[in-house]
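Chain by chain, the residues run as shown.
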Amino acid sequence: MRRLNKKKALNFVKELDAFPKVPESYVETTASGGTVSVLAFTAMALLAFFEFFVYRDTWMKYEYEVDKDFTSKLRINIDITVAMRCQFVGADVLDLAETMVASDGLQYEPVIFDLSPQQRIWHRTLLLIQNHLREEHSLQDVLFKNVMKGAPTALPPREDYPTQPLNACRIHGHLYVNKVAGNFHITVGKAIPHPRGHAHLAALVSHETYNFSHRIDHLSFGEEIPGILNPLDGTEKVSADHNQMFQYFITIVPTKLQTYKLSADTHQYSVTERERVINHAAGSHGVSGIFMKYDISSLMVKVTEQHMPLWQFLVRLCGIIGGIFSTTGMLHGLVGFCVDVVCCRFKLGVYKPKTMSVFDGQVNSLTPLLSENGEH
């Protein structure tokens with residue numbers, strides 16, 4: 001009687017338990033369940049590892065707005081080598097308002113036009129990078145994110161000391177101009193101011209000495225940032241005639257660059273180029289030289305480096321773990337159900353004699369049972 005009361009008391013306590021117990025079949029260990037668990041934890045570890053690298057990565061966001069800054073000056077950074085002596089060429093800027101900008105910030109350095117072997121390797125590498133940039137525009141994002149790490153794009157100094165005469169002029173430095181369309185040009189003779197514009201003293205220079213073969217080692221606008229490549233960096237042109245004009249039509253886009261390494265106000269630009277021989281008899285008029293006509297866009301581009309926030313990374317991580325748990329559980333149940341169905345179908349029609357235990361004088365089903373009449 002006491003045992004019966006104790007059993008009833010235990011059953012009553014179990015019914016009062018607010019937390020239902022898990023059936024024993026749910027915690028039963030099986031080989032298939034263990035395999036699925038190992039695969040699930042492996043997949044979770046791999047996906048979490050890759051997700052961490054996605055969290056560490058950054059991307060560039062581009063925004064466009066109207067450029068409201070029209071009072072500041074525009075800086076032009078120049079490094080151009082012309083295959084003429086410095087006393088025969090002059091460089092200056094004339095803007096749309098016919099304002100001549102003094103070229104006091106430019107230096108004229110006599111050099112040799114041909115590059116040294118190491119300089120030629122550097123120049124070929126620069127051209128190869130420029131070709132990749134034209135084909136894969138997404139590489140520009142890599143340059144933006146790695147600014148200040150890259151080396152300056154200026155031509156490295158010569159490693160040899162040649163004895164040949166200095167037959168070229170390297171014009172390098174910077175100018176500050178108004179933020180209006182203008183024309184930077186390098187032509188024969190030094191520039192002199194004029195009430196109606198400006199002029200170049202070209203009368204004393206022989207046409208036989210004209211040679212506007214040139215190499216643009218660097219041309220940029222705005223703040224100069226190491227590691228950023230510009231479209232004309234590394235451009236090299238060889239003149240086929242003494243009287244030849246090279247024209248570059250440049251569209252400048254103001255750019256605000258905001259990364260985790262620096263913040264800068266610079267300018268990007270696109271360019272189209274044209275060259276032709278000056279022949280007045282054939283109707284091709286003009287002046288021999290290098291002309292860079294630039295115009296400034298009214299739109300400004302804001303390039304901002306962005307990073308995945310921590311809360312989003314944690315949400316994605318929880319989604320990976322919960323999704324794998326749910327998916328593997330459903331797949332394991334579905335595969336187990338299919339296996340059970342197939343096995344049951346194979347068992348259909350198979351005769352298995354049902355045995356009966358011998359107890360109190362009874363025999364199993366394999367022994368013929370006798371009826372009251374003694375028949376089988």
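It should be noted that the structure appears before, not after, this text.
To keep things clear, this report deals only with the structure shown in the data block. Fair warning: this is a prediction, and the values are worked out from it, not measured in the lab.

1. Focus: the overall build of the protein chain
Okay, step 1: Looking only at helices and strands, one finds five helices and 15 strands in the protein chain.
Okay, step 2: Across the 376 residues of the protein chain, 32% fall into the buried class.
Okay, step 3: Long-range contacts, defined as pairs at least 24 residues apart, comprise 81% of the intrachain contacts of the protein chain with a sequence gap of at least 6.
Okay, step 4: Here the protein chain has roughly 24,900 Å² of accessible surface; of this, 61% comes from carbon and sulfur atoms.

2. A few points about the pairing of strand 14 (residues 289-296)
On a regular strand, one side chain projects to one face of the sheet and the next to the other, so that they alternate.
Okay, step 1: Judged by how many residues are buried, strand 14 sits mostly within the fold: six of eight residues are covered.
Okay, step 2: Pairing geometry for strand 7 (residues 182-188) and strand 14, over six bridges, is antiparallel. Bridge assignment links Asn 183 to a residue of strand 14, and that residue is Lys 293.
Okay, step 3: For strand 12 (residues 244-258) and strand 14, the ladder comprises eight bridges, and the chain directions are parallel. From the neighbouring strand, Thr 251 faces strand 14, where its bridge partner is Asp 295.

3. Examining the packing of aromatic side chains
Here the distance between the centres and the angle between the planes together describe a pair of aromatic rings.
Okay, step 1: Evaluation of the coordinates by the stated rule reveals eight aromatic pairs.
Okay, step 2: Judged by centre distance (4.9 Å) and plane angle (75 degrees), the rings of Phe 49 and Phe 53 are edge-to-face. Of this pair, Phe 49 and Phe 53 are both found in helix 2 (residues 31-56), four residues apart, which corresponds to roughly one turn of the helix.
Okay, step 3: By relative accessible area, Phe 49 is classed as partly exposed at 46%.
Okay, step 4: Seen in terms of ring centroids, Phe 221 and Tyr 294 are 6.1 Å apart; in terms of plane orientation they differ by 50 degrees. Their pairing is tilted. Of this pair, Phe 221 sits in strand 10 (residues 214-222) while Tyr 294 sits in strand 14, placing them 73 residues apart in sequence.

4. What about the state of the cysteines?
Okay, step 1: Counted according to the given criterion, the structure contains one disulfide.
Okay, step 2: The disulfide bridge from Cys 86 ends at Cys 169, spanning 2.3 Å between sulfur atoms. Here the S-S torsion is close to 105 degrees, and the disulfide linking Cys 86 with Cys 169 is therefore right-handed. Linking Cys 86 in the loop between strand 2 (73-82) and strand 3 (89-95) with Cys 169 in strand 6 (residues 168-178), this pair joins segments that are 83 residues apart in sequence. Neither Cys 86 nor Cys 169 differs from the other in exposure class; each is buried.

5. Thoughts on the side chain of Ser 213
Okay, step 1: Within the secondary structure layout, Ser 213 lies in the loop between strand 9 (197-200) and strand 10.
Okay, step 2: A distance of 2.9 Å separates polar atoms of two side chains, one belonging to Ser 213 and the other to Asn 211.
Okay, step 3: From its side chain, Ser 213 meets the backbone nitrogen of Ser 239 in a polar contact 2.7 Å long.
Okay, step 4: Apart from the residues lying within four places of it in its own chain, the contact partners of Ser 213 are Thr 81, Val 82, Ala 83, Phe 113, Lys 237, Val 238 and Ser 239.

6. Some words on helix 3 (residues 117-135)
Okay, step 1: Helix length check: helix 3, at 19 residues, gives a terminal C-alpha distance of 28 Å against a target of 27 Å (1.5 Å per residue), a fit within 8%.
Okay, step 2: Every buried residue of helix 3 is accounted for by Gln 119, His 123, Leu 126, Gln 130 and Leu 133. All buried residues of helix 3 project into a common sector of 80 degrees when viewed along the axis, lining one side. Looking at helix 3, the residues exposed on the side facing more than 90 degrees away from the buried face are Pro 117, Arg 124, Leu 128 and Glu 135.

7. Section: the environment of Ala 199
Okay, step 1: Residue placement: Ala 199 occurs in strand 9.
Okay, step 2: The class of Ala 199 is partly exposed, set by a relative accessible area of 27%.
Okay, step 3: Between the C-alpha atom of Ala 199 and that of Gly 189, which follows or precedes it by ten residues, the distance is 8.8 Å.

8. Observations regarding the nonpolar core
Soluble, globular proteins show a tendency: their nonpolar side chains are buried together.
Okay, step 1: Counting 35 residues, the largest nonpolar core has Phe 184, Ile 186, Leu 219, Ile 250 and Met 292 as its most contacted members.
Okay, step 2: Counting residues per element, the ones that place at least two in this core are strand 2, strand 3, strand 6, strand 7, strand 10, strand 12 and strand 14.
Okay, step 3: No other element matches strand 2, which puts five residues into this core.
Okay, step 4: Once residues within four sequence positions are removed from consideration, Ile 250 is found in contact with Leu 219, Phe 221, Leu 232, Tyr 269, Ser 270, Val 271, Met 292, Lys 293, Tyr 294 and Asp 295.
Okay, step 5: Ranked by size, the runner-up nonpolar core spans eight residues in total, among them Met 60, Leu 257, Val 301 and Val 303.

9. Concerning the pattern of salt bridges
Okay, step 1: Inspection of every chain in the model, using the stated rule, returns ten salt bridges.
Okay, step 2: Residues Asp 79 and Arg 170 are paired through a salt bridge, measuring 3.0 Å at the closest nitrogen-oxygen approach. Of the two residues, Asp 79 is situated in strand 2 and Arg 170 in strand 6; the sequence distance between them amounts to 91 residues.
Okay, step 3: Judged by its relative accessible area of 23%, Arg 170 falls in the partly exposed class.
Okay, step 4: The partner of Glu 109 in a salt bridge is Arg 170, and the shortest N-O contact between them spans 3.4 Å. Of this pair, Glu 109 sits in strand 5 (residues 106-111) while Arg 170 sits in strand 6, and the two are 61 residues apart along the sequence.
Okay, step 5: When its relative accessible area of 32% is taken as the criterion, Glu 109 is described as partly exposed.
Okay, step 6: Taken together, the shared-partner salt bridges connect Arg 120, Arg 215, Asp 217 and Glu 236 into one network.

Conventions adopted
Here, residues in each chain are numbered from 1, in the same order as that chain's written sequence. Only residues with pLDDT of at least 70 get local features here, since the model is predicted, and only at 80 or more are side-chain atom pairs given and counted; chain-wide, interface and lining totals rely on the full set of residues. As a rule here, side-chain values come from all non-hydrogen atoms in the structure, and water together with hydrogens is ignored. Where helices and strands are cited, they refer to DSSP runs of H or I of at least four residues and of E of at least two residues respectively, numbered from the N terminus. Throughout this description, buried means an accessible area under 20% of the type-specific maximum (1.4 Å probe, protein chains only), exposed means over 50%, and partly exposed covers the range between. Residue contacts follow a heavy-atom distance rule, with two residues in contact if any of their heavy atoms lie within 4.5 Å. In this description, accessible areas are obtained by the Shrake-Rupley approach with a 1.4 Å probe, and a residue is regarded as covered only by the protein chains that are shown. We call two strands paired when DSSP finds no fewer than two bridges between them. By convention, a stacked pair of Phe, Tyr or Trp rings (six-membered ring in the case of Trp) has centres within 6.5 Å and planes under 30 degrees apart, an edge-to-face pair has planes over 60 apart, and any other such pair is tilted. The disulfide criterion is simple: two cysteine sulfur atoms within 2.5 Å. For the purposes of these results, a polar contact is taken to be a pair of N or O atoms within 3.5 Å, where, inside protein, one atom must be able to donate a hydrogen and its partner to accept one; residues adjacent in sequence count only when each atom of the pair is a side-chain atom. One less than the number of residues in a helix, times 1.5 Å, gives the span that helix is expected to have. In this description, the arc belongs to the directions extending from the helix axis to the C-beta atoms. As used here, the term nonpolar core means buried Ala, Val, Leu, Ile, Met, Phe, Trp, Tyr and Cys residues forming a set that is joined through side-chain atoms within 4.5 Å. One side-chain nitrogen of Lys or Arg within 4 Å of one carboxyl oxygen of Asp or Glu is enough to make a salt bridge.

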